[in-house]
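A structural walkthrough
Okay, here's what each chain looks like letter by letter:
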Amino acid sequence: MATLTLKNLPDDLYARLKERAAGNRRSLNAEAILCLERMLESQCAQNPDERLAELKAVRERVRGVYLTDSGLRSGRRNGRT
């Protein structure tokens, strides 16, 4: 297997990865590999034309629904987050 060394990894990113690994009871290395696998699968698994078709379908379903600042503020005041 290959080895990958990451240089200049931001401290906050390292801390988040370490916390996630601990929460999932995995080593830091295993968590990093899993994160990379999931990210690459989600980006590469779908054909761009399929993704575009999905987005167009969503746009059709929400046609005529517009969010405004006043609507969002009203929702927050009424307990919606």
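In this report, we go over the structure that sits alongside the text. Keep in mind that this is a model prediction, so the values were computed, not measured. (Residues numbered from 1 in each chain as written. Predicted model: local features only at pLDDT ≥ 70, side-chain atom pairs only at ≥ 80, totals over all residues. Heavy atoms only, no water.)

Counted under the stated rule, the structure contains four salt bridges. In this structure, R26 and E31 form a salt bridge, with 2.7 Å as the shortest nitrogen-oxygen distance. Take E31: its relative accessible area is 0%, and that puts it in the buried class. E60 is the partner of R63 in a salt bridge, and the nearest nitrogen-oxygen pair spans 2.3 Å. Looking at R63, the relative accessible area reads 57%, which means it is exposed. Taken together, the shared-partner salt bridges in this structure form one network comprising R20, R26 and E31. (Salt bridge = Lys/Arg side-chain N within 4 Å of Asp/Glu carboxyl O. Buried < 20%, exposed > 50% of the residue type's maximum accessible area, 1.4 Å probe, protein only.)

Bringing the layout of surface pockets into the picture now. In this structure, the largest pocket occupies an estimated 640 Å³ of space. Every element with two or more residues in the lining of the largest pocket is listed here: α1 (11-23) and α2 (28-44). Residue contributions to the lining of the largest pocket peak at six residues, all from α2. (1 Å grid on protein atoms, 1.4 Å probe; cavity = no way out; pocket = protein on both sides within 12 Å on 5 of 7 lines; lining within 4 Å. Points joined across faces, edges and corners; volume = space filled by probe spheres on them. Helix = DSSP H or I, 4+ residues; strand = E, 2+ residues; numbered from the N terminus.)

Attention now moves to helix α3 (residues 48-61). If you check α3, its first and last C-alpha atoms are 20 Å apart, about what 14 residues at 1.5 Å a residue would give, namely 20 Å. The N-capping residue of α3, defined by a side-chain oxygen 2.7 Å from the backbone nitrogen of D49, is N47. (Expected span 1.5 Å × (residues − 1). Polar contact = N/O pair within 3.5 Å; in protein donor to acceptor, adjacent residues only side chain to side chain.)

Turning our eyes to something else, we now look at a nonpolar patch on the surface. Residues L4, L6, L9, L13, Y14, L36, M39 and L40 make up a contiguous nonpolar surface patch of roughly 730 Å² in combined accessible area. Listed by contribution, the elements that provide at least two residues to the nonpolar patch are α1 and α2. If one sorts the elements of the nonpolar patch by residue count, α2 sits on top with three residues. Structurally, the position occupied by L13 is in helix α1. (Patch = residues over 30% accessible without salt bridge, like charges linked within 9 Å, V, L, I, M, F, W, Y side chains within 5 Å. Areas by Shrake-Rupley, 256 points an atom, 1.4 Å probe, with all protein chains shown as cover.)

We now examine the side chain of E31. Looking at the element boundaries, E31 is found in helix α2. Here N24 takes part through its side chain, which lies 3.3 Å from a polar atom of the side chain of E31. With sequence-adjacent residues up to four places away left out, E31 is seen in contact with L17, R20, A21, N24 and R26. (Contact = heavy atoms within 4.5 Å.)

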